[in-house]
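# Results of the structural survey
Residue-level listing of the chains:
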Amino acid sequence: SNEHKRDAVRATAADLGVTVPQLKWSYQQTGFPYMHGLGTACACLSGGSVTLAFQLHREIVNGEVLPQLKLSSCSVFISSLTVQINESCFSWVYNRLVFMFQDTVRQYISSSLQAALSDNIASLLVALNTNLRPHWPLLLSAMGFTAEAIPLEGEATKPAAPKEGGDARNHTGGWPPETPPGNSTAAEDAAAAAAAA
């Protein structure tokens, strides 16, 4: 996609797996019948992947225009999640519920990890850009372009302007603005005029 073409660096870690043998859990119902419970579980994540993409742009830092890396996208995917609850007289009930909602739990963990990664990487980029500052001339030379070729801040993620002409469907599904698809009367009048001609 055009968005991916603007990425300067794109890194993917695949086939990730994590096992938590003693995951502690607890719950307490706030309403009647006020059920509660606690225990441990073994949680296994497998087939995970993390993809990070960074864009390069120019930014004014202390009055000087410098190249800067920024996070353009972050995605986390977990293929499989299994949770086995132990040490509870209701383990079979809990395990059944976990099995029924495992996709929901898997997606929640993925989105939570994605949000946490985005927040932490954004702060780490400040230190990374500071350390890269004296090395940018050499890095840009190795990549084969000059600092002037790097878009200014705000332009790196600016969507491409639509082409003028050539595509009559840039508005309301191809209908002129004054005759949207829902205006059946205008459409019928136009068809009648064409038939009379």
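These notes cover the structure that comes with them. Note that the structure is a prediction, hence the values are computed from the model and not measured. (Residues numbered from 1 in each chain as written. Predicted model: local features only at pLDDT ≥ 70, side-chain atom pairs only at ≥ 80, totals over all residues. Heavy atoms only, no water.)

### With respect to the overall build of the chain
In terms of regular secondary structure, the chain is built from 5 helices and 4 strands. Listed N to C, the secondary structure of the chain is α-β-β-β-β-α-α-α-α in terms of helices and strands. Every one of the 197 residues in the chain was classed for burial, and the buried ones make up 21%. Sequence-distant contacts, at least 24 apart, represent 64% of the contacts inside the chain between residues at least 6 apart. Split by element, the accessible area of the chain, about 13,900 Å² in all, is 60% carbon and sulfur. (Helix = DSSP H or I, 4+ residues; strand = E, 2+ residues; numbered from the N terminus. Buried < 20%, exposed > 50% of the residue type's maximum accessible area, 1.4 Å probe, protein only. Contact = heavy atoms within 4.5 Å. Areas by Shrake-Rupley, 256 points an atom, 1.4 Å probe, with all protein chains shown as cover.)

### Considering the pattern of salt bridges
A complete count under the given rule lists 1 salt bridge for this structure. Taking the shortest distance from any N to any O, the salt bridge between Asp 103 and Arg 106 comes out at 3.4 Å. Of the two residues, Asp 103 and Arg 106 both sit in helix 3 (residues 102-132), 3 residues apart, roughly one turn of that helix. Residue Asp 103 is classed as partly exposed on the basis of its relative accessible area, which comes to 45%. (Salt bridge = Lys/Arg side-chain N within 4 Å of Asp/Glu carboxyl O.)

### Quick look at a nonpolar patch on the surface
There is a patch of nonpolar side chains on the surface, built from Leu 97, Phe 99, Met 100, Phe 101 and Val 105 and spanning about 480 Å² of accessible area. Mapping Phe 99 onto the fold places it in helix 2 (residues 91-100). (Patch = residues over 30% accessible without salt bridge, like charges linked within 9 Å, V, L, I, M, F, W, Y side chains within 5 Å.)

### Let's talk about the nonpolar core
In terms of nonpolar packing, the biggest core is built from 13 residues, with Leu 52, Phe 54, Leu 56, Leu 69 and Trp 136 touching the most fellow members. Where this core is concerned, the elements lending two or more residues are strand 2 (36-61), strand 3 (64-77), helix 3 and helix 4 (136-143). If one sorts the elements of this core by residue count, strand 2 sits on top with 4 residues. (Core = buried A, V, L, I, M, F, W, Y, C linked by side-chain atoms within 4.5 Å.)

### Describing the packing of aromatic side chains
This model, assessed by the stated rule, comprises 4 aromatic pairs. Aromatic side chains Trp 25 and Tyr 94 sit 5.1 Å apart centroid to centroid with 75° between the ring planes, which places their arrangement in the edge-to-face category. Of this pair, Trp 25 sits in strand 1 (residues 7-28) while Tyr 94 sits in helix 2, and the two are 69 residues apart along the sequence. Here Trp 25 and Tyr 94 have matching classes, each one buried. Seen from their ring centres, Phe 32 and Tyr 34 are 6.5 Å apart, and the 90° between their planes marks the pair as edge-to-face. There is no split in this pair, since Phe 32 and Tyr 34 are both exposed. Among the aromatic residues, those joined into a ring-pair cluster are Trp 25, Tyr 27 and Tyr 94. (Phe/Tyr/Trp six-rings, centres within 6.5 Å; stacked < 30°, edge-to-face > 60°.)

### Thoughts on the layout of surface pockets
A volume near 260 Å³ is recorded for the largest pocket. Together, 13 residues line the largest pocket, and Trp 25, Val 83, Ile 85, Val 98 and Val 105 are the ones closest to its centre. For the lining of the largest pocket, the secondary structure elements donating two or more residues are strand 1, strand 2, strand 4 (80-86), helix 2 and helix 3. A volume near 160 Å³ is recorded for the second largest pocket. As for the second largest pocket, its lining consists of 14 residues, of which Leu 16, Val 18, Gly 48, Ile 78 and Leu 113 are closest to the centre. Element by element, the count of residues in the lining of the second largest pocket is highest for strand 2, at 6 residues. The residue makeup of the lining of the second largest pocket, split by class, is 9 nonpolar, 5 polar and no charged. (1 Å grid on protein atoms, 1.4 Å probe; cavity = no way out; pocket = protein on both sides within 12 Å on 5 of 7 lines; lining within 4 Å. Points joined across faces, edges and corners; volume = space filled by probe spheres on them. Nonpolar A, V, L, I, M, F, W, Y, C, P; charged D, E, K, R; others polar.)

### Here we look at the pairing of strand 2
The pairing of strand 1 with strand 2 spans 16 bridges and is classified as antiparallel. Counted as the bridge partner of Arg 10 is Ala 53 from strand 2. Pairing of strand 2 with strand 4, which is carried by 7 bridges, proceeds in the antiparallel orientation. In the sheet register, Thr 40 faces strand 4, and the bridge partner there is Asn 86. Where strand 2 and strand 3 come together, 13 bridges link them in antiparallel fashion. By the bridge assignment for strand 3, Leu 56 is matched with Leu 69. Between strand 2 and strand 3, which pair antiparallel in sequence order, lie 2 residues; one of them, Asn 62, sits at a positive phi of approximately 55°. (Pairing = 2+ DSSP bridges.)

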